[in-house]
Amino acid sequence: MEEETRPVGKVLVIGGGVAGVQASLDLAYNGFKTYLVESRDAIGGTMAQLDKTFPTNDCSMCILSPKLVETGSNPNIELLTRSKIVKLEGSSPHFKVTVRTEPRYVDFALCKGCGDCSQACPVTLPNEYEEKLGTKKAISRRYEQAVPSTFGITKWETSPCKAACPLHVNAHGYIALVHKGEYEKALALVREKNPFPAITGRICTRPCEKACTRLSLDENIAIDALKRFLADKEIANGTLWDPECAKDNGKKVAIIGSGPAGLLCAFDLRVKGYEVSVFEKKNQFGGLLRYGIPAYRLPREILDREIDMLRRMGIQFFSSHEIKGEDTIRILRRQYDAVLLATGAWKSKKMNIPGESLPGVHGAIEFLEQINEGTLPPLHGKIAIVGGGNAAMDCARSVLRLGASESHILYRRTKQEMPANPEEIEEAILEGVRFHFLTNPIEIQQDSFGYKVMLQQMSLGEPDESGRRRPIPIPGAMQDLYFDTVIMAISQETTPEDFPLIDSEKGLYVADRKTMETSFLGVFAGGDNILGPATFIEAMACGRKAAISIDRYCNHEEIDLGREGEDPFEIKAHLDLSQVIPIPQQKTAIRIPSRLQNDMSEVNLGLTEEKAKTESGRCLNCGGCAECMECVKACESHAILHDMVAKEQVLDVGAVIVASGFEESDASHYAQYGLGIFPNVVTSTQFERILSASGPYGGVITRPGDKKHPKKIAWLQCIGSRDTEHPYCSSVCCMYATKEAVIAREHSKEVEATIFYIDIRAFGKEFDQYIERAKQEYGVRFVKSRIASVSEMQDGSLQLTYEDDAGVLHRDVFELVVLSVGLASTEENCQLAKTLHIQTNNYGMIESKEFHPNETNQPGIFAAGSISGPKDIPESVTEGSAAACMASAILHEERGKEVTIKAYPPEINVIGDKPRIGVFVCYCGLNIGGYLDVEEVAQYISRLPNVVYAETNLYTCSSDTQAKIRDKIKEHQLNRVVVASCTPRTHEPLFQETIREAGLNRNLFELANIRDQDSWVHQTKRKEATEKAKYLVKSAVYRVMNRKPLTIQLMPITRKGLVIGGGFAGLQSALSLAEQGFPTYLIEKEKYLGGNGLHVHYLEENPTVGESLQQLIQKVLNHPKIEVYRDSAIQSIEGYVGNFKTTLQDGKTLEHGVIVVATGGLESKTTAYGYGLSHQIITGRELEAMIHYNKWPNPKSVAFIQCVESRDDHHPYCSRICCQEAVKNSLLIKNLSPTTEVYILNRDIRTYGYHELLYKKAREKGVVTVRFEKNRKPNVFFKGGNVAISVYDSLLHREIELCPDILVLSTGISPNPDNVELAKKLKVPLTQDGFFLEAHAKLRPVDFATDGIFLAGLSHSPRNIEETITQARAAAGKACIILSKAGIEAGGKIAYVNNRNCSGCGSCEEICPYQAITLVNHSKSTPLQRVAEVNASLCKGCGSCASACRSNAIDVEGFSNDEISQAVDALLEPM
Amino acid sequence: MDEFEPKVIGFLCNWCSYAGADLAGVSRFQYPPNVRIIRVPCSGRMNPLFILKALQNGADAVLVSGCHPGDCHYQTGNYYTRRRLEVFYRMLQFAGVPKERVTLAWVSASEGAQFATLIKEVVEKVKPLGPNQSFSRDFSDLEAYANESDRSSE
């Protein structure tokens, strides 16, 4: 029972973007097992796609990638990629979540991430990571630095061409291989299913081409012609194909008939080791291939060549052996283990019309047979052929070659319905065959003029079962035509009387359609004789089925088990063709002889290599992976498993964090901007990829349409934001567009950047300064206008039409247009919300209650990042930490219970021992071994001093090699290990772990990077690469030689928190720390708790702030783990992370391990605009108080002036919240008295996110906004004792005058002046504006660079109450990570001081960015000598101090002066 | 005679430039094999003495590369390097070592192609200078000079 009530100490995080990654890391470090579920192949989210980040212009990938690696290698984070949540049951803190993982087709454990598979893959698909500006292979990684680095295959469905082929020849696969120029591999792939490519490539009826997805766009891929191209190429090369056959199995099979069915069955069985005999009644082999198809279509040498191949395999052919009748088959059955009847259908069907048996009326089959046997008497005159199939075309074209003067086709439907191949029809027309459509013979009479064919005229009705329109006779419409010969090419039938013991009906043998078994045991039938007249490829499919059945029959196996997949199946293509550009099909060359008579040489000449390449490039790869298996062949570690299947698992978790992000608003919705129509209109994310050095254009600004380098670029703001569908503001677009413009200017000074905006919303920390720099330093032009339309010019440039401030219409041409698309919810997120039973708002984003940011309506399920509304990176990171903090609070009792802590053997003491180095050199499959001589490197290294063992491995990172390394350490008493393989950035931890498991200290390891920085970059220089590898490994050996074991020491922690400041931020931080179980001190300098919150009364229009604040204060005061010190000031703070000592003014000392700074800010004081001169002029806060305390006089008119003491020269920052406050207050005024006129005088209205909805509401209620410029501020004066304002309205371009009863000044937020003193005490930095400076603007928004100190609320930068609560939780959560550690880790690769050399000059102290160095007294005996001391808990090992030291007194472990010098020696010493 | 192939020692910071060099590898961007790389935690770790040591030991050129200004993993390390190298260049000039032999460049983790180009440039830049003999251990000239000055002072 007790077990049931205990929470589960595991958390599920959904979404691997930066919010989810942060939440997962925080949770794992906080002692909770975490599952991170990501629907894509890799984590990283949108941030991984960005080039740079604002406002610091940091490289996005540079700062994100280490975090991703950290996540991927954390033992307590389990990554579930390609996974989705399908079910959630239970409630907090006992959820049961079902997760479905789609197959990746690559084994995580075996994939080394080398990329050989991707190089071998012939299929190129659009790359979503590159926003479809680039391509990727069907087996690929999302991006090069992806975590996990395991490759994955993109499989959609079986490609329609492959599905439609009765033999399931992998057309998609060989087309892709042709495109890659891998002709031999392509041909081999054809032959896996079809051993007769040369024949098939000429005469197949091509069901594959009829299924081709391209048909619905332009023309199908010429699949058959490509197959023929491959076969012809082999013939031209003069190579013969001899398929491998299994050892003779001693079983014998007789095949009667050498047509396609018989030949394929013979082939399949011979390959399996059967002794196969083929009996043919004619004197040559091939059946109807030879006797039904004219030589100009299928040259006899082609046919003979592929039959010869069968002969070489050892199949025995017996010609002129007619096998007929009951007895023969009984005898045959006794001599052979099985018999196949593949006798075909050799009888032309009759129309059953009068006159059909006249001497000049022939059946097509018999007629063709005579032609091909050469027994046909010479022809003359006009000949009619009745029918529209290939046989009809063959007859019509043959008769012209045999002396007929005219050849006429009579067909009852139209050209469109003709079953013959279109090329056949076209060629027949070119050769002079005449066509009579919609006519059907009803009688043939012979008279003195010849044969009179009486024709019924037809019309087309509704489609019949075949999908073709049914011909309907037109009553009374008749026509008579005279011919010398009439050929009936209607259809064929078989001769069942040959084998009477086998069931027959409708002129066909009866055999099971799945297994080809007949009523006679051991006798199988296949081909036209059971199907009726079928196609060549269908007949072959029958032959294959029969072969499978015969094999099973001979081995006494179940014949019909699991045979369903053998027939062609239908596939619905699901590719978006709207973006595909039509390209005409490449046509084969044809040769129409000027004189047809007796010319039987081939008409169709096939495709040239060039055309084949172009044609294969038209393939849309609609199946994704082509399953050509080239990757399987290329993968040396056998990691690829094409038959992997989806997997579902149920996870027990105590809490869930939803962080599955956003997607761009679909800008192609807005046709006026031309996205998807004009190639040179791109989205902002596409532009990020264009800018990225690793993007599709290598960081050179290029426009997609024509790959030209645009000079004039325009950004259009608010696309898919602030409109009817997405009425909110997307918060980030103004900044990212400005950043993109700045970076574009950095890339090329020639670029002219223009941003068309409505309001510039630069409301975040340091944002406004960034906009100013963009304007001033980078010359980015900002134009206030919403673009009406975009149209394309002839050269691909784009003309924008817009109205300026003054209403004047402008037209301007830009070479590239970037749409700053907004952030929207995804279909997937809406589905996820349903699965998790959580509420979303009108826009599909997760909704939180007021004052409960990041909470959902489901207890225990939290939201982080843009899933609940548009957020930038630091906000997402903060929310990730805040959500993790809330989840930890629920589960804190279970902390550490579900995580694994590894036990290691005791460390071997190596100090004083002579170095014994073991070196392991990696082949990395062919990645290293293919480009340099790995053996030679190992040989060389084995001769170096102190190297006692050296070996080579195929994959040094494989788990069996890890075991081997551990064994070798024992066997050779190795005390240092060097691995020469890939990059230490990804693989060093793995090998360090391995040697640690063998009892060696982690530091006794060095990795030589001979792959990423050698074999891969010198692929054509084997000798030089080998030599370089020797040097690099030698350098590693030299470096590791004198290494000392380094230990990480755990220093004790005082597991208590200290929070400075008792406003919203401080209260929430203290509460969150206490909720996670840590005693916390809260210091407030005032007598009352509440800070600025005491002066805020309304959240939006609701008077709930006071109540919520009081609840929070009560919770804090009543919490047993929180000690509150009011009216207290801090005297001093000493110590460092884990062990701080704070002394209060009254002398009391508090000991604690962490500090949260939450000292708040102030409403700016002002004397501007006549403040203080009249009771009519008040601040925003005073206004709110008047309303709250019912002192509001309900005046006739009110005016707000924004940006008072903000965005000016003294306060260059934006105070972020004044616009939302002014909008809120104007609504409050309107609620009290709707007739009061309200004016907001502003520079931009910065109501970001959902605040935009309030702004919209205010406008609807009649609040008027007046815009003024920074340098033309409003003028406030007194007119008749009353306040008056004159302001130049920059939109109306005229001066206006207002006489409000009350003027409200929206004064901004100022930093707390106490920050200066406190910063000194904490030794942490302030920004120029006087707010505290966090460690990293993007990824460490609530941390200081100094460990153990965190910040939240207005002390960080201006923000509203809900944002403050989130930040406070994030800061507390981060602080808890430290408090829940076993100890503070000190030591490792950090700086150390040699006191004897130290002169105490203090250079190092000054330079250290982490305050890790202090000058201390050397000793008691020499009190005047000061020396540097490194705080091991704070040092990060950057080494700046060591290079600054003038007396060589300070050095860095792992990168010491000596070690680097030795590396230099090693790299330069002659060999 | 074979063309002169300069020996280049590259000191790359772990977080940006070393990662950029790795990316060049992953992307298979080919560059001349003349460069041999030493990984350092931060370009701020670069004591100019390491450069001097490399030149003394026979390197024909030295490359120091770190994160772009503002991107330093350790916040400020690359700024110090930039300043130190500025002074160091003056010293090199004094010692008669052409400036082309020592390159300071910023390469980020996403600039694989740029890294390959950089190496090509460094190699091309040094080739015309021929082998580095500025710090050759042959002190005969110096001794001759010393003897001469000894004599003249007599």
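Everything quoted here is computed from the prediction, not taken from an experiment.

Draft legend 1. Structural context of the side chain of Ser-24 of chain A. Tracing the backbone shows Ser-24 of chain A in helix α2 (residues 18-29). Apart from the residues lying within four places of it in its own chain, the contact partners of Ser-24 of chain A are Val-13, Thr-34, Leu-36 and Ile-77 of chain A.

Draft legend 2. Inspection of unusual backbone geometry at higher detail. Here the amide bond leading from Ser-92 of chain A into Pro-93 of chain A is cis, since omega sits at -5°, within 30 degrees of zero. Phi is positive for Asn-1448 of chain A, close to 55°, though the residue is something other than glycine. Here Asn-1448 of chain A shows up in the loop between α40 (1440-1444) and β71 (1450-1452). On the basis of relative accessibility, which here comes to 46%, the residue Asn-1448 of chain A falls in the partly exposed class. Phi is positive for Arg-28 of chain B, close to 60°, though the residue is something other than glycine. Within the element layout of this structure, Arg-28 of chain B appears in the loop between α1 (17-26) and β2 (35-40).

Draft legend 3. How the structure looks around helix α10 (residues 223-237) of chain A. Residues and elements named next belong to chain A. For α10, with 15 residues, the first-to-last C-alpha span of 22 Å sits near the 21 Å given by 1.5 Å per residue. For α10, the complete set of buried residues consists of Ile-223, Asp-224, Ala-225, Leu-226, Lys-227, Arg-228, Phe-229, Leu-230, Ala-231 and Glu-234. At the exit of α10 stands Gly-238, carrying a positive phi of roughly 75°.

Draft legend 4. Representation of the interface of chain A and chain B in the model. Between chain A and chain B, the contact holds 58 residues from the first and 52 residues from the second. Taken together, the two surfaces of chain A and chain B that pack against each other cover about 4600 Å², and 55% of this comes from carbon and sulfur. Applying the counting rule to chain A against chain B returns four salt bridges. Close ionic contact of Asp-22 of chain B with Arg-985 of chain A constitutes a salt bridge, the shortest N to O distance being 2.9 Å. The interface formed by chain A and chain B holds 23 residue pairs in polar contact (both at pLDDT 80 or more) in total. In terms of residue count, the dominant contributor to the side of chain A that touches chain B is helix α41 (residues 1457-1468) of chain A (eight residues). The residue inventory of the side of chain A that touches chain B, partitioned by class, reads 24 nonpolar, 19 polar and 15 charged.

The rules behind the values
Residues numbered from 1 in each chain as written. Chains lettered and ligands numbered in written order. Predicted model: local features only at pLDDT ≥ 70, side-chain atom pairs only at ≥ 80, totals over all residues. Heavy atoms only, no water. Helix = DSSP H or I, 4+ residues; strand = E, 2+ residues; numbered from the N terminus. Contact = heavy atoms within 4.5 Å. Buried < 20%, exposed > 50% of the residue type's maximum accessible area, 1.4 Å probe, protein only. Expected span 1.5 Å × (residues − 1). Buried area = accessible area lost by both parts, 1.4 Å probe. Salt bridge = Lys/Arg side-chain N within 4 Å of Asp/Glu carboxyl O. Polar contact = N/O pair within 3.5 Å; in protein donor to acceptor, adjacent residues only side chain to side chain. Nonpolar A, V, L, I, M, F, W, Y, C, P; charged D, E, K, R; others polar.

Bear in mind that shape data such as this cannot, by itself, settle questions of function.
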